[in-house]
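Structural overview
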Amino acid sequence: LYVRRSLSSYVNFADWFQYTKEGFSFFEGYFAYPYPFSKYDQIIVPEFNFGAMENVGAVTFSERFVSRSPMTRAQKENLSDVILHEMAHMWFGNLVTMKWWNGLWLNESFATYMASLAQERGSQFSETWESFFEKMKQWAYSEDSFQTNHAIETKVANTEEAFTQFDGITYGKGASVLKQLVFFIGDDTFQKGVQNYLKRYAFSNSTLKDFLVELELAGGISLRKWSKDWLESKGTNEIEFFSECSDGFLKWKIIQSANGEGNRYRDHKLNIGLYKINSPENESASTLPKLNYDSFSLVYAGRMTHFVEKVPFCPDFVLVNADDQDFVTWKWTDVKIDKLKYILQNDTDSFRKLILWSNFADQMELGKVSFDEFYNVAKDILPKEENTKIKKWILSQITADKGYSYFVSRFWLSDDKKIKDLESLSNFLWESLLSEKASTDAQRYWFTAYVDSSYVIKDQERLMEVLNGKISIPGLKIDQDLRWVMLGKLSSLGFSNNEFETLIQKEKINDPSSRGINAAYSIEASSPKDSAKSKWFHIILEPKKSEYSTSTLRIVSY
């Protein structure tokens, strides 16, 4: 494991080696093929323009994976995921290599899927599929909704064009579709097909057809239609689920849509989750668990699929795609916020809750629920939520300063209403922060959420008081990187006085590292002043004429 000396004290090599050993143990067993090369180096490279890259026997990593702050569990999980992703390429990408760039998606999708599988079966990060859902899956849905979307398997004319394929469809959607495929054909069939594929094409080049043939032989099935539907056409299906229940029989119907040019109806398989609420107001239910849960699998295709299913109880709430096996968006037909809230408060399964929260948030974009309805439920539940991952995710949905968040939605209102709501939001976040257990990941998430959504003058002045030491939060270390984040937020809001400018100069002296230099550039570029915006805009437009590295310009652009 290589890193430049100035960052070496921040590298927890024990974690790096543990995640690496776990990867070798899992992959050699799963692939039934020993690691095919004579060495394995991991090199943390200054000014590296990608996240990480799998060279034969030597993986290069960006210095972004070195944290100068204590790493949260989420950061460690992400590091493990990246290490495993690149290691999977030693077999799928290096032992067997794609014949041309149209096969890039399979290399990347496969490594993305396999990294999560390796974490699930061979690491401490059993929550890996929750992380896959909240990051890779949502990235895929987002990029597949744009007019610039494309099929997973697509023609690539030349190497320059290949760079346009490194996106959420190649990584996120491709991996999600592989997860759906495994659910269709079964784990054992998929593993056997992969093993045969690696043995047959070891130290040679292959195509998608070669890969699918091995899966077909392993399972005795045809995947030609599946490939045409899922890999060679673009777009995401949207479904509506209708049901009625009586005497233990659920009559259900799924309506599938294929909106957008090039989209089509596909064959899907998913799980339907059923919730029965044992209301506390019902005395006869007092001895029962607060929720009963059951599920069943179904396959649907075409415009409409319907069936009658025998169920153990008639549900009060139905969760579509309950275990996130399908790649599809679900548009609610019946908004039951009170029942949803009760389930979010009482379900003990963190993955189901995360899926429910995500579906709830999706309905804001679909216009089925308002931002205020989402925020009010989140505000009631957040302080009591014990799962840190869910808490972090909900905070991002209400405080992110981009996308479809509650914070952003306030800027669509009148100035008076906007300021009133933002003051209320910041008060809620600050009070919750002070009530959170000290020295925990959750405490740090509350604080970063507060910083992200700071806007009114009172919040700006409070951030300055934290920076200059007039306010301290027990258990929360305001480290150097967090100081840069706070200064960047203040700069973006146009905050400026002598104390602020002096503090920036002080931080430059305290942190002369490349990370500190780039942070200072970013603070300058984030200022709303015309002079700052004009300067950096022209530099970014003509990067080859500038003195700045690609790494610096990426940070400034973000």
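Before reading on, note that the structure itself is shown above.
To continue, consider the side chain of Glu-86. Positionally, Glu-86 belongs in helix α2 (residues 73-91). There is no salt bridge for the buried Glu-86, and the closest opposite charge comes from Arg-64, which lies 9.9 Å off by N-O distance.

Attention shifts here to the pattern of salt bridges. Enumeration according to the criterion identifies 34 salt bridges in this entry. Between Asp-324 and Lys-179 there is a salt bridge, with the nearest N and O atoms lying 3.6 Å from each other. Of the two residues, Asp-324 sits in the loop between β11 (317-320) and β12 (329-330) while Lys-179 sits in helix α6 (residues 169-185), which places them 145 residues apart along the sequence. Taking the relative accessible area as the measure of exposure, Lys-179 reaches 6% and is therefore buried. Here Lys-391 and Glu-436 are joined by a salt bridge, their closest N and O atoms 3.1 Å apart.

So, about the sheet that holds strand β7 (residues 249-257). Across a sheet, strands are paired by hydrogen bonds formed along the backbone, either parallel or antiparallel in direction. On the basis of which strands lie adjacent, the open sheet formed by four strands has the order β10-β7-β6-β12 and mixed pairing. The sheet is open, and its two borders are formed by β10 (304-310) and β12, each paired with just one other strand. Across seven bridges, the pairing between β7 and β10 is antiparallel. Bridged to Leu-250 within β10 is Glu-309.

Let us look at α6. Compared with the 24 Å implied by 1.5 Å per residue over 17 residues, the 22 Å span of α6 between its first and last C-alpha is a close match. Of all 17 residues in α6, 16 are buried; the element is thus mostly enclosed. Backbone geometry just after α6 places Gly-186 at a positive phi near 100°.

The sheet built from three strands is open, its strands ordered β9-β8-β11 with antiparallel pairing. In this open sheet, the two strands that pair with only one neighbour each are β9 (291-300) and β11. Across the sheet, the mean angle separating the axes of adjacent strands is 20° when strand polarity is ignored. Note: strand β8 (residues 268-277) against β11, four bridges, orientation antiparallel. Paired with Gly-273 across the bridge in β11 is Leu-319. Sheet contacts for α6: β8 and β9; angle to β8, the most-contacted strand, approximately 85°. Set on the sheet, helix α10 (residues 337-346) makes contact with β8, β9 and β11; between it and β8 the angle comes to about 90°.

For the rest of this paragraph, the subject is the packing of aromatic side chains. As enumerated under the stated definition, the model contains 55 aromatic pairs in all. Across the ring face of Tyr-293, the terminal group of Arg-352 is positioned such that the distance to the ring centre comes to 3.6 Å. A cation over a ring is seen here: Arg-462 above Trp-430, with NZ or CZ 4.3 Å from the ring centre.

Cut-offs applied
Residues numbered from 1 in each chain as written. Predicted model: local features only at pLDDT ≥ 70, side-chain atom pairs only at ≥ 80, totals over all residues. Heavy atoms only, no water. Helix = DSSP H or I, 4+ residues; strand = E, 2+ residues; numbered from the N terminus. Buried < 20%, exposed > 50% of the residue type's maximum accessible area, 1.4 Å probe, protein only. Lys, Arg positive; Asp, Glu negative; His and termini not counted. Salt bridge = Lys/Arg side-chain N within 4 Å of Asp/Glu carboxyl O. Pairing = 2+ DSSP bridges. Expected span 1.5 Å × (residues − 1). Axes fitted to C-alpha atoms, helices over the stretch in contact; angles between N-to-C directions. Contact = heavy atoms within 4.5 Å. Phe/Tyr/Trp six-rings, centres within 6.5 Å; stacked < 30°, edge-to-face > 60°. Lys NZ or Arg CZ within 6 Å of the ring centre and 35° of its normal.

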